[in-house]
Amino acid sequence: MKLTYIYHSGYVIEGERCTIVIDYYKDSQDKYIRRSLPFFPGKLYILSSHWHPDHFNKEILEWKSIRPEIRYIFSKDILKKHLASKEDASFLNKGDRWQDEDIRIKAFGSTDVGISFLIETEEKKIFHAGDLNNWHWDEESTPEEIQAAERHFLKELNLLANETRHLDLAMFPVDCRLGKNYMRGAEQFVDTIRTRVFAPMHFGETYKEANAFKGYAEKAGCQFTAWTKTGESRTF
């Protein structure tokens, strides 16, 4: 399968029978989505983990004019925010499942808004975290707030670990805006769930800081995907 970094938390996964676009809000510099949309292989699935404007763009609903067979699978908060109608998509809350003959999706929790996605397709297990992370700001939060954030994250992480102990691919936040311990959530993730390929996200264009997680990820047995620009692709 081919993985392409679009921007921030936006990724495209292309297989033989299907293509999955997750958390698109802005195209890559080389317009990868615009160029490739008519030609993506197999069925096309568009997933959005929540309504935040850095994860969701209503433009994706217009893509149906190019690919009428698109299936949209959104977090239910997008419907509640009136950013899409009931007819536009299948809407999931935490714990809900959606599947057809080519893909199985289960919604897990977030430590901010919306959901995260566990995806099974073409004999691979794939996880996209959405806004699931150990969100805390060491320089700004109180010790009590940091401890509460950690408890919340570990609770959600353990729910995922109870479902699967292995992932072929994980896309997970490595966001340096959190401060000195910005990699803590990613460290806890790969320590808990055996991850074959780790791809950082939620970092915008701070490539150096995101790629600094490579050493820890490799010690945990992961292949780390280091991006240098939007529109780059890797196979996994």
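Everything below is about the structure printed above this text.
Residues numbered from 1 in each chain as written. Predicted model: local features only at pLDDT ≥ 70, side-chain atom pairs only at ≥ 80, totals over all residues. Heavy atoms only, no water.

Would you mind going over the overall build of the chain with me for this structure?
Looking only at helices and strands, one finds six helices and 14 strands in the chain. For the C-alpha atoms alone, the extent of the chain along its principal axes is close to 50 × 35 × 30 Å. Across the chain, the fraction of contacts at a sequence separation of at least 24, relative to all contacts at a separation of at least 6, is 63%. Carbon and sulfur atoms make up 47% of the accessible area of the chain, which amounts to about 10600 Å² in all. Charge centroids of the chain, computed over 34 positive and 37 negative side chains, lie 2 Å from each other. (Helix = DSSP H or I, 4+ residues; strand = E, 2+ residues; numbered from the N terminus. Contact = heavy atoms within 4.5 Å. Areas by Shrake-Rupley, 256 points an atom, 1.4 Å probe, with all protein chains shown as cover. Lys, Arg positive; Asp, Glu negative; His and termini not counted. Charge placed at Lys NZ, Arg CZ, Asp CG, Glu CD.)

For this particular structure, what's the right way to read the side chain of Q188?
Counting through the fold element by element, Q188 comes out in helix α4 (residues 184-192). According to the relative accessible area criterion, Q188 is buried, its value standing at 12%. Sequence-distant contacts of Q188, defined by excluding residues within four places in its chain, comprise N134, E150, F153, L154 and L157. (Buried < 20%, exposed > 50% of the residue type's maximum accessible area, 1.4 Å probe, protein only.)

Would you take a moment to explain the packing of aromatic side chains for this structure?
Any pair of aromatic rings gets described here by the distance separating the centres and the angle formed by the planes. Under the criterion given, the structure shown has 21 aromatic pairs. For the pair F213 and Y216, a centre-to-centre distance of 5.8 Å together with 20° between the ring planes defines the contact as stacked. Taken together, the aromatic side chains of F127, F153, F172, F189, F198, F213, Y216 and F224 make up a single cluster linked through ring pairs. Across from the ring centre of Y7, 4.5 Å away, lies the NZ or CZ of K26, which sits over that ring. A cation over an aromatic ring shows up here: K81 above the ring of W51, its NZ or CZ 4.5 Å from the ring centre. (Phe/Tyr/Trp six-rings, centres within 6.5 Å; stacked < 30°, edge-to-face > 60°. Lys NZ or Arg CZ within 6 Å of the ring centre and 35° of its normal.)

Would you mind showing me how to read the layout of surface pockets here?
Picture a little ball the size of a water molecule; that probe, rolled over the atoms, points out where space is still empty. A volume near 160 Å³ is recorded for the largest pocket. What lines the largest pocket is Y24, D27, K31, I33, R34, L37, P38, E59, W63 and I66. Its residues assigned to classes, the lining of the largest pocket shows six nonpolar, no polar and four charged. (1 Å grid on protein atoms, 1.4 Å probe; cavity = no way out; pocket = protein on both sides within 12 Å on 5 of 7 lines; lining within 4 Å. Points joined across faces, edges and corners; volume = space filled by probe spheres on them. Nonpolar A, V, L, I, M, F, W, Y, C, P; charged D, E, K, R; others polar.)

I keep staring at the packing of helix α3 (residues 143-163) against α4 and nothing clicks. Help me out?
A pair of packed helices is captured by two measures, namely the crossing angle of their axes and the spacing between those axes. Where α3 meets α4, the closest approach of the two axes is 11 Å, and the angle between their N-to-C directions is 30°. Considering their axes alone, α3 and α4 lie roughly parallel with respect to each other. Crossing of α3 against α4: the hand is right-handed. Contacts between α3 and α4 involve E150, F153, L154, L157, N158, L160 and A161 from the former and R184, G185, Q188, F189 and T192 from the latter. For the contact of α3 with α4, a count of residues per class yields six nonpolar, four polar and two charged. (Axes fitted to C-alpha atoms, helices over the stretch in contact; angles between N-to-C directions. Parallel < 35°, antiparallel > 145°, perpendicular 65-115°, else oblique. Left-handed = near helix turned anticlockwise from the far one by under 90°.)

It is not clear to me how α3 should be interpreted in this structure. Could you clarify?
In an α-helix, one turn spans 3.6 residues, which is why side chains three or four residues apart end up on the same side. In this model, α3 (21 residues) spans 31 Å end to end at C-alpha, consistent with the 30 Å of a helix rising 1.5 Å per residue. Taken residue by residue, α3 has I146, A149, E150, F153, E156, L157, L160 and A161 as its buried positions. Mapping the buried residues of α3 onto a view down its axis gives an arc of 145°, with all of them on the same face. Exposed and facing more than 90 degrees away from the buried side of α3 are E144, R151, K155 and N162. Summarising the contacts, the buried residues of α3 are in contact with β8 (104-108), β9 (116-121), β10 (124-128), β11 (166-173) and α4. (Expected span 1.5 Å × (residues − 1). Arc of directions from axis to C-beta.)

For this particular structure, what's the right way to read the sheet that holds strand β1 (residues 2-7)?
Pairing between sheet strands relies on hydrogen bonds along the backbone, with the strands arranged either parallel or antiparallel. One open sheet holds the seven strands; their spatial order is β6-β5-β4-β3-β2-β1-β14, and the pairing between them is mixed. The open sheet has two free edges, formed respectively by β6 (90-92) and β14 (233-235), since each of these has just one partner strand. Within the sheet, the average angular offset between the axes of one strand and its neighbour, ignoring direction, is 20°. Across three bridges, the pairing between β1 and β14 is antiparallel. Paired with K2 across the strands is T235, a residue of β14. (Pairing = 2+ DSSP bridges.)

How do you make sense of the sheet that holds β9 when you look at a structure like this?
Spatially, seven strands are ordered β7-β8-β9-β10-β11-β12-β13 in an open sheet, and the strand pairing comes out mixed. Across the chains shown, the open sheet's two edge strands, defined by having one partner strand only, are β7 (97-99) and β13 (223-224). Bridging between β8 and β9 involves five bridges; their strand directions are antiparallel. Residue F108 lies in a different strand from β9, and its bridge partner there is S116. Its contacts with the sheet put α3 on β7, β8, β9, β10 and β11, and the angle it makes with β8 is roughly 155°.

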